[in-house]
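# Observations on chain architecture
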Amino acid sequence: MKAWRVVRHGNPSTALEWLDVEPPEPGPGQIRVRTVATALNYNEVDGCYGRYRTVDPPLPYTLGMEVLGHVEATGPGCETWQGRRVAATASGAFGAHAELVVGDAAMAFESPEGLSDPQAAAFFFPFHVAHVSLFERGHLQAGETLLVHAGAGGVGSAAIQLGAACGARVIATAGSPHKLDACREFGADIAIDYRTEDFAQRVVDETQGRGVDVVCDLVGGTVTQQSFRCLAPGGRLMMTGFSGGIEAEDEGGLLPRPIIFGNFSVGGVLMAYADKPLPVGHGVNVWPRSTGDAVQRHLLEWLDAGLIRPVVGRVASSSDLPVELERMEARETVGRTILEW
Ligand SMILES: NC(=O)c1ccc[n+]([C@@H]2O[C@H](COP(=O)([O-])OP(=O)(O)OC[C@H]3O[C@@H](n4cnc5c(N)ncnc54)[C@H](OP(=O)(O)O)[C@@H]3O)[C@@H](O)[C@H]2O)c1
């Protein structure tokens, strides 16, 4: 089968080659999907450069976290998945940009019939990440104020919609006038260009000095530090992504003082489900599959009610992966970029 392999580290055009590899075999608890579409995830840009420590297999390896397709083989215990159209995470969160993809069934969800293939590919991952950030971790309530950073992106566009759907007031940041328009279209009440404006001061002004209750932080670094200036007492900043520089995941620099004296909380977010999560103590706490099922039910309710919709910013061919990842790196994308296979 054909797959996009990271063969060396560098920018996506340097790092990736389109190669023949042996199809992966599903083990116990796993399914094999024949790929119809794949979605681009910002972490894959970092993967090409070799700076993403969370998913860092030895070279060469097949890039890609998210796949949409039909289950064409199953491992023991997964027979009921056969033939279903699913959106799934590749096993280990790499291997998805390939004609056949193996993933854990605990990280697969049947795709709603009403969605086209590109829409279904854009639905699962961003909305699950945003839901876990806003609700399971951030405990956002109707009537509260939500701040979403990088609001025009894949996860950001989902977070804005979920915040608006739950009855929160939503403030979004993004990096260009075109993206600010997109944020407002997704449901943001206020959109701020954080590349040209002091967003924290603007948030303080827009909330009459009250600040925001929840921050869905998808950027990290100085954007996190600046956000401390506009959090309400009792607020919750959810560290959900680091597209401003993944190195910040492992760097010091978060001083306790602003957190203590701000009377707010800073929390971590990992969207990952397992049938039998490992006991605490291994450094990674994943959610039980039952949490994923509850999130999916809630998302489908809101999808059916017309309160949320997948955002397909662009559909391209599977042959375009390197150039499309470079568009993402250059901050040119809105919503999810989908590749058709
Ligand atoms: N916690 C989890 O379980 C989990 C799971 C998956 C993904 N994530 C994280 O979610 C975040 C969003 O992922 P996504 O795939 O939806 O990406 P995305 O938001 O569609 O794209 C990244 C966006 O980040 C913004 N950005 C800010 N600083 C940047 C910089 N220095 N260079 C490039 N972009 C910058 C850009 O928007 P502007 O131009 O508007 O600034 C860019 O469009 C990522 O950080 C990813 O790691 C978290």
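Residues numbered from 1 in each chain as written. Predicted model: local features only at pLDDT ≥ 70, side-chain atom pairs only at ≥ 80, totals over all residues.

## Some words on the overall build of the protein chain
- Looking only at helices and strands, the protein chain features 10 helices and 18 strands.
- Since a compact globule built from 341 residues should have a radius of gyration of about 20 Å, the 19 Å found for the protein chain is in line with a globular shape.
- Principal-axis analysis of the C-alpha atoms places the extent of the protein chain at approximately 60 × 40 × 40 Å.
- The 341 residues of the protein chain split such that 49% are buried.
- Within the protein chain, residue pairs in contact and separated by at least 24 positions form 66% of the contacts whose partners lie at least 6 positions apart. (Helix = DSSP H or I, 4+ residues; strand = E, 2+ residues; numbered from the N terminus. Rg over C-alpha atoms; globule rule 2.2 N^0.38 Å. Buried ≥ 20, exposed ≤ 12 C-beta atoms within 10 Å, placed from the backbone. Contact = placed C-beta atoms within 7 Å.)

## Let's talk about the nonpolar core
- If you look at the biggest cluster of nonpolar residues, it comprises 103 residues, and the most contacted ones within it are L146, C183 and C216.
- Element by element, the count of residues in this core is highest for helix α3 (residues 117-137), at 11 residues.
- Looking at this core, you find at least three residues from each of domain 1 (2-115 + 310-340) and domain 2 (126-268). (Core = buried A, V, L, I, M, F, W, Y, C linked by C-beta atoms within 7 Å. Domains from an automatic or database assignment.)

## Examining the environment of A130
- With respect to the helices and strands, the residue A130 is situated in helix α3.
- Classification of A130 by C-beta neighbours within 10 Å gives buried; the count is 31.
- Measuring from C-alpha to C-alpha, the distance between A130 and Q161 comes to 9.5 Å, with 31 residues separating the pair along the chain.
- Beyond its immediate sequence surroundings of up to four residues, A130 is in contact with V155, A158, A159, L162 and C216.

## Structural notes on the pairing of strand β17 (residues 312-317)
- Note: β17 against strand β18 (residues 336-340), 5 bridges, orientation parallel. In the sheet register, R314 faces β18, and the bridge partner there is T337.
- The parallel pair β17 and β18 is bridged by helix α10 (residues 321-329), and the resulting crossover is right-handed. (Pairing = 2+ DSSP bridges. Right-handed = clockwise from strand over helix to strand, strands pointing away.)

## Observations regarding the packing of helix α2 (residues 42-49) against α10
- α10 packs onto α2 with a crossing angle of 105 degrees between their chain directions and a minimal axis gap of 9 Å. By the angle class used here, α2 and α10 are roughly perpendicular. Between α2 and α10, the residues in contact are Y42, E44, V45 and C48 and L325, M328 and E329, respectively.
- Split into classes, the residues belonging to the contact of α2 with α10 amount to 5 nonpolar, no polar and 2 charged. (Axes fitted to C-alpha atoms, helices over the stretch in contact; angles between N-to-C directions. Parallel < 35°, antiparallel > 145°, perpendicular 65-115°, else oblique. Nonpolar A, V, L, I, M, F, W, Y, C, P; charged D, E, K, R; others polar.)

## A few points about the site of the ligand
- The environment of the ligand is made up of 27 residues, and the closest members are Y42, G153, G154, G175 and G241.
- Sorting the residues of the shell around the ligand by element identifies α2, α3 and α4 (154-165) as the ones contributing at least two each.
- Examining the composition of the shell around the ligand, we find that 3 residues originate from one element, α4, more than from any other.
- Each of two domains, domain 1 (2-115 + 310-340) and domain 2 (126-268), supplies a minimum of three residues to the shell around the ligand. (Near = placed C-beta within 6 Å.)

## Let's talk about the sheet that holds strand β10 (residues 169-174)
- The strand order β11-β10-β9-β12-β13-β14 describes an open sheet built from 6 strands, whose pairing is parallel. Two strands in the sheet have a free side with no partner beyond their single neighbour: β11 (190-193) and β14 (265-268). Taking the axes of each pair of neighbouring strands and ignoring which way they run, one obtains an average angle of 20 degrees across the sheet.
- Examined bridge by bridge, β10 and β11 share 4 bridges and lie parallel to one another. The residue bridging I171 from the neighbouring strand is I190, located in β11.
- Contacting β9 (145-148), β10 and β12 (212-217), α4 runs over the sheet at an angle of about 170 degrees to β9.

## Some points on the domain arrangement of the protein chain
- What the domain assignment lists for the protein chain is domain 1 (2-115 + 310-340) and domain 2 (126-268).
- Computed over C-alpha atoms only, the centres of domain 1 and domain 2 are separated by 27 Å.
- Contact residues are listed per partner, giving 10 residues for domain 1 and 11 residues for domain 2.

## Things to note about the packing of α3 against helix α9 (residues 289-304)
- Contact geometry of α3 with α9 gives a least axis separation of 10 Å together with a crossing angle of 100 degrees. Relative to α9, the element α3 lies roughly perpendicular. Side by side, α3 and α9 meet where F127, H128, H131, V132 and E136 of the first sit next to T291, V295, H298 and L299 of the second.
- Class assignment of the residues belonging to the contact of α3 with α9 gives a composition of 4 nonpolar, 4 polar and 1 charged.

## Regarding the sheet that holds strand β2 (residues 16-20)
- Strand order across the open sheet formed by 3 strands is β2-β1-β4, with antiparallel pairing between neighbours. Each having just a single partner strand, β2 and β4 (61-62) make up the two edges of the open sheet.
- Where strand β1 (residues 2-6) meets β2, 5 bridges bridge the pair, whose relative direction is antiparallel. Following the sheet pairing, V6 is matched in β2 by L16.

## Quick look at α9
- Over its 16 residues, α9 extends 22 Å from the first C-alpha to the last, a length consistent with the 22 Å expected when each residue adds 1.5 Å.
- Along α9, the residues that are buried comprise G292, V295, Q296 and L299. For α9, the angular spread of the buried residues around the axis is 100 degrees, confining them to a single face. Projecting away from the buried face of α9 at angles above 90 degrees are the exposed residues S290, R297, E301 and D304.
- Packed against the buried residues of α9 are β8 (108-110), α3, β15 (273-274) and β16 (287-288).
- Downstream of α9 by a residue or two, G306 has a phi angle that is positive, lying close to 75 degrees. (Expected span 1.5 Å × (residues − 1). Arc of directions from axis to C-beta.)

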